[in-house]
Amino acid sequence: MKGDEPNFPARSKRKLSRFLARKMLYDFICDRLDSDRTKAVEEFIGEDWETRTELEYIQGGLKYCGDLSLTRISEPLMQEIREHKGFWARVRTGHWWRDWPESIKWGVEAAVLSGVAALVAMWIPWSKVAHLLPSSRDEVVLVEIDKDQKPAGTAKNGDKSLSDQGEGRALLPVTVGKDASTLNPSLHDTAEEKESGSTEGSTKGSAKEVAETRKSTIQPSKVAEDEEVGDPVQGVRGGSESETAEPQENIIKGASSLKGFVYRAFMSLDQLDQVSPKIVAEIKQLNGAKAGQVELGWRKPKGSYFHFSLPESNYEKLMSALKSFGPVRIYKDPHWRVMPQGQIRFILWVEDNQVKK
Amino acid sequence: MNDEARIRSLALFFFFASLDEKFSRSATVKALNRCRKRIGQGHLPNEKWPSVIVHVTHSFLPKLKQAKSQPAAISYEAGWLIPEGIDLGPWMEFQKEAELEEFLAVLWSGILGISDEAISEGLGVTVGTVRHRLARGFLVLGAISRGEFRQ
């Protein structure tokens, strides 16, 4: 029935807001809106100049981008990008090294050679190879002692020198004894006379030198050319002299390996055969014992040899005992043999005056 | 999209994104290799190249942010042949003033000609988001080109 058709009221026209219109501007330009919306936007743009301005902006931006999109890529650039090879691809083809500049090639070669040289230097055991290399020795050998062989200058009758027990004399420092204040001037002259014919290894000097040594000066020795010699103790004298009153011990150490020392004493006495046993008794009384292979007071053609150790505390007593027999000259030499603490070692040579005469 | 078109798209993208020729050359090569690798690993058809280009070029975002703060380093004879009469001034200002996402959206759509759908697929966002960014971007660019841009 015609009258049954529904009568819809006329739709009221919806007005587009500015917000919606601006949001639809891009779609409007791209023609993505339906007909109704397109018409609504068109009407709004006609009425609102701000929206119209924004429309022009978007259109201007699109046009500008369209012009820029006409940018072309040159053929060399295109080919360079197309034929570009990666790092490992260039290494594999071998073109990479040849294309390097000369300075970089030289630098890499130098670095490789340096690395190889460093590795070789680290791996080779130089300590084992060093003895094969020639070496120039600048050091001077002062004394060379061969313990296995007899020393040169041994007497025909087999008389051994003081060094037969391995007591080689490397240096000849001289000490001033503790009893320097008791030096006897009368014995000084006797010591001078005997000094010219003193035993091997002793210091030779004139009277002037002896006098000078009283003042604790250091004299050169003939045994060791390059060594310094301290003052010998010119006998243990009864009187006191102010010049030699200094109870100092000037020790000159030799090579760094000679960490011990030995006292070397020299005497010249008459009637040695009677005196030697007394000296032995004195030594034993002071708890002295032989320190070498021969017995105390080993009688030799020219004198008696005493090699003994003694408690250090009995040193003064020993000196007193020896001076009662005659003048004594004492040296303190560095030696490789180190005695136990509290013990000192002596080598006493008593020359027979009768044999000398 | 043939190989030459792909190279052209990538070269134009990095040139206009960074305005640095040296960076553009190296980045184009790297991006091309990544796109080929992605297409090969995913066994994607050639039609997916535009979205792959969007995805790969978007991964250069940190370096593009750096380029935004650096002055332009281009010469007009380096390999990118800009049409005569076109002034790059508005584009340089647009690069500095616009938001980076809107800038890139304009670059993909307006210069490279990639569709909104491909851009949305490459970025993983909706088409509406892409069109919103484009609307804002073109608005700013148009205002700058007319010298009427105000922040």
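Source: prediction; values computed, not measured.

### Observations regarding the overall build of chain B
When helices and strands are tallied, chain B shows eight helices and one strand. When the helices and strands of chain B are listed from N to C terminus, the series reads α-α-α-α-β-α-α-α-α. Going through the 151 residues of chain B one by one, you find that 50% of them count as buried. Across chain B, contacts joining residues at least 24 apart in sequence account for 65% of those joining residues at least 6 apart. Surface summary for chain B: the accessible area is close to 7,100 Å², and the carbon and sulfur share equals 48%.

### Re the packing of helix α6 (residues 100–111) of chain B against helix α7 (residues 116–123) of chain B
Residues and elements named next belong to chain B. Between α6 and α7, whose axes approach to 10 Å, the crossing angle comes to 140°. By the angle between their axes, α6 is oblique relative to α7. Viewed along their axes, α6 and α7 form a crossing whose handedness is right-handed. Where α6 approaches α7, its residues Ala-105, Trp-108 and Ser-109 are matched on the opposing element by Asp-116, Ile-119 and Leu-123. Classifying every residue of the contact of α6 with α7 by side-chain character gives four nonpolar, one polar and one charged.

### A look at the pattern of salt bridges
Summed over all chains, the structure comprises 20 salt bridges over all chains. Ionic pairing is found between Arg-299 of chain A and Asp-273 of chain A, a salt bridge with its closest N-O pair at 2.7 Å. A residue pair is termed long-range when its members are at least 10 positions apart, and Arg-299 of chain A in strand β6 (residues 298–299) and Asp-273 of chain A in helix α12 (residues 272–285) qualify at 26 residues. Judged by its relative accessible area of 32%, Arg-299 of chain A is partly exposed. The partner of Arg-131 of chain B in a salt bridge is Glu-117 of chain B, with the nearest N and O atoms 3.5 Å apart. Placement of Arg-131 of chain B in helix α8 (residues 127–145) and of Glu-117 of chain B in helix α7 is noted, with a sequence separation of 14 residues between them. By relative accessible area, Arg-131 of chain B is classed as partly exposed at 23%. In this structure Glu-117 of chain B comes out as partly exposed when scored by relative accessible area, which is 44%. Through salt bridges that share partners, Asp-27 and Arg-32 of chain A together with Asp-116, Glu-117 and Arg-131 of chain B make up one connected network.

### Considering helix α3 (residues 49–58) of chain B
Counted residue by residue, α3 of chain B has eight buried out of 10 residues, so it is predominantly covered. Of all the residues in α3 of chain B, the buried ones are Trp-49, Pro-50, Ser-51, Val-52, Ile-53, Val-54, Val-56 and Thr-57 of chain B.

### A short note on the nonpolar core
Judged by nonpolar contacts, the single largest core of 72 residues is most densely connected at Phe-13, Phe-16, Trp-91, Phe-94 and Phe-103 of chain B. Grouped together as the second largest cluster of nonpolar side chains are 24 residues, Val-275, Leu-310, Tyr-315 and Val-350 of chain A included.

### So, helix α1 (residues 3–18) of chain B
All names here are of chain B. With 16 residues, α1 extends 23 Å between its outermost C-alpha atoms, agreeing within 8% with the 22 Å of an ideal straight helix rising 1.5 Å per residue. Burial analysis of α1 places 12 of its 16 residues in the buried class, the great majority of the element. Directly after α1, the chain includes Leu-19, whose backbone phi takes a positive value near 55°.

### Some words on the interface of chain B and chain A
Opposite the 38 residues of chain B that make contact, chain A presents 28 residues. For the chain B and chain A pair, buried surface summed over both sides reaches about 3,000 Å², with 68% attributable to carbon and sulfur atoms. Looking only at chain B, the three residues that lose the most surface to chain A are Leu-81, Phe-138 and Leu-139 of chain B, adding up to 18% of its buried area. Scanning the region where chain B abuts chain A turns up three salt bridges.

### Overview of the confidence of the model for chain A
Residue and element names in this part refer to chain A. Per-residue pLDDT for chain A has a mean of 73; in total, 60% of the residues score no lower than 70. Confidence over residues 153–164 falls short of pLDDT 50; this stretch has 19 contacts with residues more than four positions distant or in other chains. Low pLDDT (under 50) marks residues 168–244, which in the prediction has 178 contacts with non-local residues, meaning those over four places away or in another chain.

### Looking at the pairing of strand β8 (residues 329–335) of chain A
One face of the sheet, then the other: side chains in a regular strand alternate in exactly this way. Residues and elements named next belong to chain A. In terms of burial, β8 is a largely internal element, seven of the seven residues being buried. Judged by which residues are buried, β8 turns out to be covered on both faces: Arg-329, Tyr-331, Asp-333 and His-335 on one side and Ile-330, Lys-332 and Pro-334 on the other are all buried. Of the pairings in the sheet, the one linking strand β4 (residues 260–269) to β8 comprises seven bridges and is antiparallel in character. Among the inter-strand pairings, Phe-261 is bridged to a residue of β8, identified as Pro-334.

Criteria and cut-off values
Residues numbered from 1 in each chain as written. Chains lettered and ligands numbered in written order. Predicted model: local features only at pLDDT ≥ 70, side-chain atom pairs only at ≥ 80, totals over all residues. Heavy atoms only, no water. Helix = DSSP H or I, 4+ residues; strand = E, 2+ residues; numbered from the N terminus. Buried < 20%, exposed > 50% of the residue type's maximum accessible area, 1.4 Å probe, protein only. Contact = heavy atoms within 4.5 Å. Areas by Shrake-Rupley, 256 points an atom, 1.4 Å probe, with all protein chains shown as cover. Axes fitted to C-alpha atoms, helices over the stretch in contact; angles between N-to-C directions. Parallel < 35°, antiparallel > 145°, perpendicular 65-115°, else oblique. Left-handed = near helix turned anticlockwise from the far one by under 90°. Nonpolar A, V, L, I, M, F, W, Y, C, P; charged D, E, K, R; others polar. Salt bridge = Lys/Arg side-chain N within 4 Å of Asp/Glu carboxyl O. Core = buried A, V, L, I, M, F, W, Y, C linked by side-chain atoms within 4.5 Å. Expected span 1.5 Å × (residues − 1). Buried area = accessible area lost by both parts, 1.4 Å probe. pLDDT = per-residue confidence, 0-100. Pairing = 2+ DSSP bridges.

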